[in-house]
Amino acid sequence: MSETTESPSLLPWLAAPFARALALERASALLVHGPAGVGQFELALALAAAWLCETPLAERAEAPPGLACGHCASCRLIASRTHPDLLVLVPEVLQQALGWTGDEAETAGEGGSAKSAKPSKEIKVEALRRVVAFSQQTPARGGLDRRTKVVVIHPAERMNGITANTLLKTLEEPPGGLRFVLSSAAPARLLPTVRSRCHALPLTVPPGDQAAAWLGGQGIDAPAVLLAAAGGQPLEALDRHAIGVSTAAWRALPGEIRAGRAGAAADWPLPVLIDALAKLCDDALRVAVGAAPRFFEAELLPPGGDLDRLNAWATALREAARRAEHPWHAGLATEALVLQARHALYGDSTSQGGPRRRLATLDP
Ligand SMILES: [Zn+2]
């Protein structure tokens, strides 16, 4: 691992919520919530780093005020994921993508069992037991006031009921300088008792021009197209771009479907393809009732449309989304989805029995 001296930076649209959060000096638990792809986790980590940073506030960079310095001992420990006063809980399934892996000690402690074949999507109760132990230990460094410790839980809705209940007591009476940042794209799924103990910090989709400018700075062509494709969520646009959802591939999708093939989208993971088709369906429905599309450029969409067919397609796609993680044959599933889409959008039903019959091949 390289020596890390990350210069401090914050996604531009997070500066205002960051300042609001820093001003909440007495709130020991924050709940950052909003759409998934706008930077909840990044904000939670920026807050943790700022609270633990050991450079006096007056000596830190000025924009935005209070951001961690990026070079003190604490900032270096956070960059190397080894700060003893920071506990970051993310489900196994996200650990690699987010760069925060589980604690080795914890893995070893689970009866010596080998790594399970399927990484868990939940934040397990064992992880929350670590929070309880962490809350009782003396801060090793403790930031400027020598007493700060931080727990980040992301995404908080991945705690099941038992897990969340384990957290409640600590959340209610956090000892000393312990602070929590929970982040969630689905706060309604949190226990009300957890929600009510947190100070809510809502994030919204950033202004389109600001987000598009940032995406352009990441080397993305015609960033406004991918930003719209991601419902205005710039981090989601960037993640999708990394797995092949380019501007060109997105623009080509309606035409490819008309031609009865998936084109570049054949290489997208099935859940991503289904999400793209659901957006195409949503836009087609909008156009059919005279509204403006949200995700695709209007000139790429078929004019008009059959509401019955489109609504049936929407229902079928919701069902497909529920089953998208199943280990079915991706090639067959893609083919069936494309035929279904072509029928819904263009009324072409060249295969005998129509797309419903072809969809029988979707069963795993
Ligand atoms: Zn620092």
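Predicted, not measured: the structure shown is a model, and the values here were computed from it.

Chemist: Quick question: what am I supposed to make of the overall build of the chain here?
Modeler: Looking only at helices and strands, the chain has 16 helices and five strands in total. Residues classed as buried in the chain amount to 45% of the 364 residues present. Taking the intrachain contacts of the chain between residues at least 6 apart in sequence as the baseline, contacts between residues at least 24 apart amount to 70%. Accessible surface, the chain: about 17700 Å² in total, of which carbon and sulfur atoms supply 53%.

Chemist: Quick question: what am I supposed to make of the sheet that holds strand E4 (residues 177-184) here?
Modeler: Spatially, E2-E3-E4-E1-E5 is the arrangement adopted by the five strands of the open sheet, whose pairing is parallel. Lying at the two open borders of the sheet, with one neighbouring strand each, are strand E2 (86-89) and strand E5 (199-202). Strand-to-strand, the axes of this sheet are offset by a mean angle of 15°, without reference to chain direction. As judged from the six bridges shared by strand E3 (residues 148-153) and E4, these two strands associate in the parallel manner. Bridged to Val151 within E4 is Phe180. Across the sheet, helix H2 (residues 40-52) lies against strand E1 (29-33), E2, E3, E4 and E5, angled at about 170° from E3, the strand it touches most. Packed on one face of the sheet, helix H7 (residues 161-172) meets E1, E3 and E4 and runs near 135° to E4.

Chemist: Where do I start with the environment of Asp283 in this structure?
Modeler: Summarising the element assignment, Asp283 is placed in helix H13 (residues 270-288). Once residues lying within four places of it in the same chain are set aside, the contact partners of Asp283 are Pro293, Arg294, Phe295, Phe296 and Leu301.

Chemist: It is not clear to me how the coordination of the zinc ion should be interpreted in this structure. Could you clarify?
Modeler: Ideal geometry at a metal gives 109.5 degrees between four tetrahedral donors and either 90 or 180 degrees between six octahedral ones. Looking at the zinc ion, one finds its protein donor set to be Cys53 (SG), Cys69 (SG), Cys72 (SG) and Cys75 (SG), positioned 2.3 to 2.4 Å from the metal centre. Given four donor atoms and angles of 103 to 115° at the metal, the environment of the zinc ion is assigned as tetrahedral.

Chemist: Just checking my understanding: could you explain the layout of surface pockets for this structure?
Modeler: One way to see where empty space is left: roll a probe the size of a water molecule over the atoms. Computed from the structure, the largest pocket encloses a volume of approximately 1500 Å³. If you trace the largest pocket, you find 40 residues lining it, with Ala36, Leu94, Arg158, Glu236 and Asp239 closest to the centre. Going through the elements one at a time, H2, helix H4 (92-98), helix H11 (234-242) and H13 are the ones with two or more residues in the lining of the largest pocket. Sort the elements by how many residues they give to the lining of the largest pocket and H11 lands first, with five residues. Counted by class, the lining of the largest pocket contains 19 nonpolar, nine polar and 12 charged residues. When residues of the lining of the largest pocket are assigned to domains, at least three map to each of domain 1 (12-202) and domain 2 (243-362).

Chemist: Explain empty space enclosed by the protein here, please?
Modeler: Evaluated as defined, the whole model comprises two cavities of 30 Å³ or more. Roughly 80 Å³ of internal volume is contained in the largest cavity. Those elements giving two or more residues to the lining of the largest cavity turn out to be helix H10 (223-229), H11 and H13.

Chemist: What exactly am I supposed to notice about unusual backbone geometry here?
Modeler: Trans peptide bonds make up most of the peptide bonds, and negative phi angles are found at most residues other than glycine. In this structure, Pro155 follows His154 across a cis peptide bond, with omega equal to -15°. Among the secondary structure elements, Pro155 is positioned in the loop between E3 and H7. The residue Arg146 is not glycine, and still its phi comes out positive at about 65°. Assignment of secondary structure puts Arg146 in the loop between helix H6 (125-136) and E3. You can call Arg146 exposed: its relative accessible area is 61%.

Chemist: Explain the packing of helix H12 (residues 247-258) against H13 to me, please; I cannot follow it from the model alone.
Modeler: Packed helices, taken two at a time, are described by the angle their axes make and the gap between the axes. Contact pair H12 / H13: the axes reach a minimum separation of 11 Å and the direction vectors enclose 75°. With respect to H13, the element H12 is oriented roughly perpendicular. Note on element contacts: H13 touches H12 through Ala276, Leu277, Lys279 and Leu280, opposite Trp250, Leu253, Pro254 and Ile257. Classifying every residue of the contact of H12 with H13 by side-chain character gives seven nonpolar, no polar and one charged.

Cut-offs used in this document
Residues numbered from 1 in each chain as written. Predicted model: local features only at pLDDT ≥ 70, side-chain atom pairs only at ≥ 80, totals over all residues. Heavy atoms only, no water. Helix = DSSP H or I, 4+ residues; strand = E, 2+ residues; numbered from the N terminus. Buried < 20%, exposed > 50% of the residue type's maximum accessible area, 1.4 Å probe, protein only. Contact = heavy atoms within 4.5 Å. Areas by Shrake-Rupley, 256 points an atom, 1.4 Å probe, with all protein chains shown as cover. Pairing = 2+ DSSP bridges. Axes fitted to C-alpha atoms, helices over the stretch in contact; angles between N-to-C directions. Donors = N, O, S within 2.8 Å, 3.2 Å for Na, K, Ca; no water. Tetrahedral: all angles 85-135°; square planar, octahedral: opposite > 155°, others 65-115°. 1 Å grid on protein atoms, 1.4 Å probe; cavity = no way out; pocket = protein on both sides within 12 Å on 5 of 7 lines; lining within 4 Å. Points joined across faces, edges and corners; volume = space filled by probe spheres on them. Nonpolar A, V, L, I, M, F, W, Y, C, P; charged D, E, K, R; others polar. Domains from an automatic or database assignment. Parallel < 35°, antiparallel > 145°, perpendicular 65-115°, else oblique.

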